[in-house]
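Coordinates in review
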Amino acid sequence: MSSTTQAIIEASKQHPKPADKSFGYGTAGVIPDEGVRNSVALTTSPSNENRNLLDSVVYRVGLLAALRSQNLGGKTIGVMITASHNGPEDNGVKLVDPMGEMLEASWEVYATTLANADSDEVLAEEYTNLAQKLSIDIDPESAAFVRPNVVFARDTRESGPALVQALSDALEAVGANKTDYNLMTTPQLHYIVRCINTEGTPQAYGEVSEEGYYKKLAAAYNKLMRGVPSIGEVTVDCANGVGAPKLRALAAEIGESFQCNIVNDLIDEPSKLNSQCGADYVKTQQRLPPASHAAPLARCASLDGDADRLVYYFNDSDGTFRLLDGDKIATLAASFIGDLVKAAGINTKEKTDIKVGVVQTAYANGSSTSYITNHLGLPVICTPTGVKHLHHAALKFDCGVYFEANGHGTVVFSNAALQVIAEHEAESPAQATALENLQALVDLINQTVGDALSDLLLVEVILAHKRWGPKEWDATYTDLPNRLVRVEVSDRTVFKTTDAERRLLEPVGVQEKINALVGKYKQGRSFARASGTEDAVRVYSEAAERGEAEELARLVAEIVAQY
Ligand code: 16G
Ligand code: MG
């Protein structure tokens with residue numbers, strides 16, 4: 001047995017896997033097969049039977065991160081410890097690939113294999129097998145050894161430090177270089193990973209530090225706001241999470257051109273995280289967080305617990321709550337960028353040098369899809385749920401705008417588009433201004449992953465340029481009434497979908513029943529898909545009238561519940 005495998009076994013004893021649990025790779029990370037809720041829970045109480053549940057997973061994910069780095073010739077890999085919008089007692093872990101993307105899908109199965117190894121010895125064996133399969137030399141004494149480089153960060157959850165220890169133990173066992181970035185938002189870690197791996201190349205993404213992140217965004221924002229009158233303060237609910245101190249630092253770096261009122265910033269009270277606040281609360285409850293007291297027509301926004309989701313909302317003059325979700329952010333961004341590319345003279349009637357497109361999931365409101373296609377005249381791609389799918393599809397455009405309705409999204413520019421934007425020659429002062437704005441926009445947007453802080457600045461810039469309040473923005477199109485229902489079933493894995501999760505292949509015959517129902521409703525649409533993060537099936541429906549959307553959801557849920 002090599003010294004590395006010996007070290008892996010020794011350290012693994014500190015992070016034992018609970019005997020009766022199994023894990024799979026869900027929508028965005030390793031989760032227990034029974035789903036995230038109540039099970040990835042790590043609490044401070046040692047008597048809790050779930051105490052070590054995620055501990056072993058994080059230790060093993062640490063081993064995998066090192067292998068991933070070695071497999072890529074020593075490129076830096078990121079590990080983020082967060083459970084995002086979930087409750088304070090949950091936690092989770094995800095890997096960040098070198099360009100700041102999510103872990104390549106083919107590696108998800110390796111994560112599952114290591115996470116499920118039944119003993120410390122079997123783990124070491126699986127690790128060795130995997131290294132062999134990937135032709136990775138794991139002996140630090142060997143000439144062919146590539147030292148792994150891994151960086152990591154965590155959100156504000158109480159269980160974070162203990163999990164960081166598990167991760168750190170894994171990295172030490174395999175002789176990896178490691179850097180702890182402590183508290184960060186998920187997108188900040190993605191930014192850091194990309195900066196490290198592109199440093200000194202023509203694709204250099206920014207200064208490798210949290211400070212560098214603020215400076216890059218602040219400079220771009222201030223450039224875009226030059227000569228543009230302020231539209232006043234935005235109230236931002238930070239879900240009592242890591243986004244609060246980070247937004248404060250960003251706002252300080254920007255200075256007076258960005259006025260924000262930060263609410264729900266109690267990060268020293270861990271139980272308040274995502275509780276009665278945050279993007280997921282606002283989106284699912286369709287109401288203001290109780291702590292926010294918004295004046296009529298005042299702009300409000302909410303982040304989630306790791307600040308990679310953003311939704312806007314406001315109270316109308318008559319007091320009704322209006323949500324401006326990821327679909328509304330996508331359409332706003334796509335229309336602004338589409339206009340800029342034309343104003344800069346890059347796209348004209350004769351030529352389309354930068355093809356702009358939008359990527360959505362089945363949850364996107366039907367009205368948003370029609371607006372993009374018919375009003376903005378842009379192509380739309382629909383993908384399965386989960387950022388990795390959207391991000392991948394967005395790369396098919398020169399400029400791909402992708403957002404999930406829940407508020408996770410960003411804009412990605414192809415290398416060809418970046419080159420056009422950098423080299424295009426403006427033929428008038430107006431074109432020159434548009435081009436400068438486009439260049440600043442590239443810096444303002446965190447292209448690695450959806451970033452609530454970067455998206456917040458993006459929306460603020462666009463609204464200021466358009467001189468729009470939330471009501472004008474909301475008026476671009478009217479959402480079809482819709483309903484999302486969570487259905488408990490005995491085995492969610494029997495639900496198999498196709499067509500970007502819009503149709504069920506199995507159980508056989510269910511889709512036909514759904515179709516028959518949908519046909520009875522004006523502008524009706526409905527689909528059912530197994531959740532990737534919880535042990536449940538989700539049913540979405542929309543229709544021309546509120547009552548009809550609700551009825552359709554209820555009836556489809558009844559069909560699903562029979563399985
Ligand atoms: C995860 C995904 C999110 C998706 C959600 C769906 C990432 C980073 N996050 O939170 O994009 O909307 O899962 O959850 O990919 P569901 O599968 O339970 O519906
Ligand atoms: Mg999140």
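All values reported here derive from a predicted model rather than from experimental measurement.

Some points on the nonpolar core
What tends to happen in soluble globular proteins is that the nonpolar side chains get buried as a cluster. Membership of the largest hydrophobic core comes to 83 residues, with the highest contact counts inside it found for Leu247, Phe258, Tyr312, Leu441 and Leu444. When residues of this core are assigned to their parent elements, the largest contribution, 10 residues, is made by helix H15 (residues 452-466). Counting 47 residues, the second largest nonpolar core, distinct from the first, contains Val79, Ala115, Ala117 and Ala166.

Things to note about H15
The terminal C-alpha atoms of H15, which comprises 15 residues, lie 21 Å apart, in line with the 21 Å expected from a rise of 1.5 Å per residue. With 13 of its 15 residues buried, H15 lies for the most part within the structure. The N-cap of H15, judged by a side-chain oxygen 2.9 Å from the amide nitrogen of Leu453 a few residues on, is Asp451. Looking one or two residues beyond H15, the residue adopting positive phi is Arg467, at roughly 55 degrees.

Focus on the UniProt feature "binding site: Mg(2+)" (unreviewed entry) in the protein chain
The feature "binding site: Mg(2+)" (unreviewed entry), as annotated in UniProt, sits at Ser84, Asp304, Asp306 and Asp308 in this numbering. Across 225 residues, the annotated set stays spatially compact, with a maximum C-alpha separation of 8.0 Å. With respect to the secondary-structure elements, Asp306 resides in the loop between strand E9 (300-303) and strand E10 (310-315). Contacts of Asp306, omitting those with residues within four sequence positions, involve Thr82, Ser84, Lys94, Thr185, Thr186, Pro187 and Val242. Of the polar contacts made by the side chain of Asp306, one reaches the side chain of Thr186; its length is 2.5 Å. Looking at the element boundaries, Asp308 is found in the loop between E9 and E10. Since its relative accessible area comes to 5%, Asp308 is described here as buried. For Asp308, the contacting residues outside a window of four places in its chain are Ser84, Lys94, Thr186, Pro187, Gly407, His408, Gly450, Asp451 and Ala452.

Points about the UniProt feature "domain: Alpha-D-phosphohexomutase alpha/beta/alpha" (unreviewed entry) in the protein chain
UniProt annotation of "domain: Alpha-D-phosphohexomutase alpha/beta/alpha" (unreviewed entry) refers to residues 76-105 and 148-199 when read in the numbering used here. For the annotated span residues 148-199, helix accounts for 52% and strand for 25% of the residues, and the straight-line distance between the end C-alpha atoms is 17 Å.

Focus: the confidence of the model for the protein chain
Keep in mind that low pLDDT regions are not for reading the predicted coordinates in detail. Confidence along the protein chain averages 94 in pLDDT terms, with 96% of residues attaining 70 or more. Predicted confidence for residues 36-51 stays below pLDDT 50, and this span has 37 contacts to residues more than four positions away or in other chains.

Focus: the sheet that holds strand E3 (residues 76-81)
Remark on secondary structure: sheet strands pair via backbone hydrogen bonds, oriented parallel or antiparallel. With respect to topology, 4 strands assemble into an open sheet ordered E4-E3-E5-E6, the strand pairing being mixed. On the outer flanks of this sheet lie strand E4 (93-96) and strand E6 (177-183), each paired with one strand and no other. Adjacent strand axes in the sheet meet at a mean angle of 20 degrees when their direction is disregarded. Of the strands in this sheet, E3, E4 and strand E5 (149-154) touch helix H2 (residues 53-71), which is tilted by about 5 degrees from E4.

Some words on the site of ligand 1
Residues in contact with ligand 1 amount to 16 residues; listed here are only the nearest, Glu404, Ser531, Gly532, Thr533 and Arg538. The contact in question runs from an oxygen atom of ligand 1 to an N or O atom on the side chain of Ser531, over 2.5 Å. Thr533 places a polar side-chain atom, nitrogen or oxygen, 2.5 Å from an oxygen atom of ligand 1. Looking at the shell around ligand 1 residue by residue, the classes come out as 3 nonpolar, 8 polar and 5 charged.

Brief notes about the pattern of salt bridges
As enumerated under the stated definition, the model contains 31 salt bridges in all. Two residues, Asp306 and Lys94, come together in a salt bridge whose shortest N-O distance is 3.9 Å. Placement of Asp306 in the loop between E9 and E10 and of Lys94 in strand E4 is noted, with a sequence separation of 212 residues between them. Judged by relative accessible area, which is 0%, Asp306 ranks as buried. Here Glu436 makes a salt bridge to Arg226, at a shortest N to O gap of 3.3 Å. Of this pair, Glu436 sits in helix H14 (residues 429-444) while Arg226 sits in the loop between helix H7 (210-224) and strand E7 (234-237), placing them 210 residues apart in sequence. Take Glu436: its relative accessible area is 39%, and that puts it in the partly exposed class. One connected set of salt bridges, linked through shared partners, spans Arg486, Glu488, Glu534 and Arg538.

Some thoughts on the side chain of Ser367
On the secondary structure map, Ser367 appears in helix H11 (residues 366-375). Apart from the residues lying within four places of it in its own chain, the contact partners of Ser367 are Tyr477, Thr478, Asp479 and Leu480.

Focus: H11
Every buried residue of H11 is listed here: Gly366, Ser367, Ser368, Tyr371 and Ile372. The distance from a side-chain oxygen at the start of H11 to the backbone nitrogen of Ser367 is 3.0 Å, and the residue carrying that oxygen is Asn365. Note on H11: the residue one or two positions beyond its end, Gly377, has a positive phi of about 65 degrees.

Describing the coordination of the magnesium ion (ligand 2)
Surrounding the magnesium ion (ligand 2) are the protein donor atoms Ser84 (OG), Asp304 (OD), Asp306 (OD) and Asp308 (OD), which sit 2.0 to 2.2 Å from the metal. Taken in sequence order, the residues that donate to the magnesium ion (ligand 2) follow the motif S-x219-D-x1-D-x1-D.

Section: the environment of Leu72
Checked against the element boundaries, Leu72 lands in the loop between H2 and E3. Here Leu72 is in contact with Ile77 and Pro98, once residues within four sequence places are set aside.

Here we look at the state of the cysteines
Here, disulfide denotes a covalent bond that connects the sulfur atoms of two cysteines. Enumeration according to the criterion identifies 0 disulfides in this entry. With no disulfide partner, Cys399 has as its closest neighbouring cysteine sulfur the one in Cys382, 19 Å distant. Of the residues examined, Cys399 reaches a relative accessible area of 0% and is grouped as buried.

Side note on the packing of aromatic side chains
Summed over the entire model, instances satisfying the criterion amount to 12 aromatic pairs. Ring geometry for Phe495 versus Tyr563: centroids 6.0 Å apart, planes at 85 degrees, classification edge-to-face. With Phe495 in the loop between strand E16 (482-487) and strand E17 (496-498) and Tyr563 in the segment after helix H18 (546-561), the pair connects residues that are 68 residues apart, well separated along the chain. Judged by its relative accessible area of 6%, Phe495 is buried. Exposure remark for Tyr563: the relative accessible area of 28% places this residue in the partly exposed category. On the basis of an interplanar angle of 25 degrees and a centroid distance of 5.5 Å, the ring pair of Phe527 and Tyr540 is categorised as stacked. Note that Phe527 is positioned in strand E19 (residues 525-530) and Tyr540 in strand E20 (residues 537-542), a separation of 13 residues in sequence. Here the two residues Phe527 and Tyr540 agree in accessibility, since each one is buried. Taking the ring centre of Trp107 as reference, the NZ or CZ of Arg68 above it sits at 4.8 Å.

Parameters at a glance
- Position numbers for residues count from 1 along each chain, tracking the sequence in the order it is written.
- Chain letters and ligand numbers both follow the written order, the letters beginning at A and the numbers at 1.
- Confidence filtering applies because this is a predicted model: local features only for residues at pLDDT of at least 70, side-chain atom pairs given and counted only at 80 or more, and all residues used for totals across whole chains, interfaces and linings.
- Side-chain calculation: all heavy atoms of the structure are included, whereas hydrogens and water are not.
- The criterion is simple. A nonpolar core is a set of buried Ala, Val, Leu, Ile, Met, Phe, Trp, Tyr and Cys residues joined through side-chain atoms within 4.5 Å.
- A simple rule labels every residue: compare its accessible area, found with a 1.4 Å probe on the protein chains alone, to the largest value its type can have, and call it buried under 20%, exposed over 50%, or partly exposed in between.
- Segments assigned H or I by DSSP are reported as helices when at least four residues long, segments assigned E as strands when at least two residues long, and all are numbered from the N terminus.
- An expected span of 1.5 Å times one less than the residue number is assigned to each helix.
- Each polar contact in these results corresponds to two N or O atoms within 3.5 Å; when the atoms are within protein, one needs to be able to donate a hydrogen and the other to accept it, and residues that are neighboring in sequence are counted only if both atoms are side-chain atoms.
- UniProt positions are given in the numbering used here, feature names are shortened, and annotations may be inferred rather than shown by experiment.
- By the convention used here, residues are in contact when the closest approach between their heavy atoms is within 4.5 Å.
- Think of pLDDT as the predictor's per-residue confidence, scored from 0 to 100.
- Two strands are counted as paired when DSSP detects at least two bridges linking them.
- Throughout, an axis means a line fitted to C-alpha atoms (over the contacting stretch in the case of helices), and angles, computed between N-to-C directions, take values from 0 to 180 degrees.
- Whether a residue is near a molecule or strand depends on its heavy atoms: if one lies within 4 Å, it is near.
- Only Asp, Glu, Lys and Arg are considered charged in this grouping, and only Ala, Val, Leu, Ile, Met, Phe, Trp, Tyr, Cys and Pro are considered nonpolar; every other residue, Gly among them, is considered polar.
- One side-chain nitrogen of Lys or Arg within 4 Å of one carboxyl oxygen of Asp or Glu is enough to make a salt bridge.
- Each metal's donors comprise the N, O and S atoms found within 2.8 Å of it (within 3.2 Å for Na, K or Ca). Water is not part of the atom list, so some coordination spheres may appear incomplete.
- Put simply, a disulfide is two cysteine sulfurs that come within 2.5 Å.
- Only centres within 6.5 Å qualify two rings of Phe, Tyr or Trp (six-membered ring in Trp) as a pair; their planes then separate them into stacked at under 30 degrees, edge-to-face at over 60, and tilted for everything else.
- Only Lys NZ and Arg CZ are tested; either one counts as a charge over a ring when it is within 6 Å of the ring centre and within 35 degrees of the ring normal.

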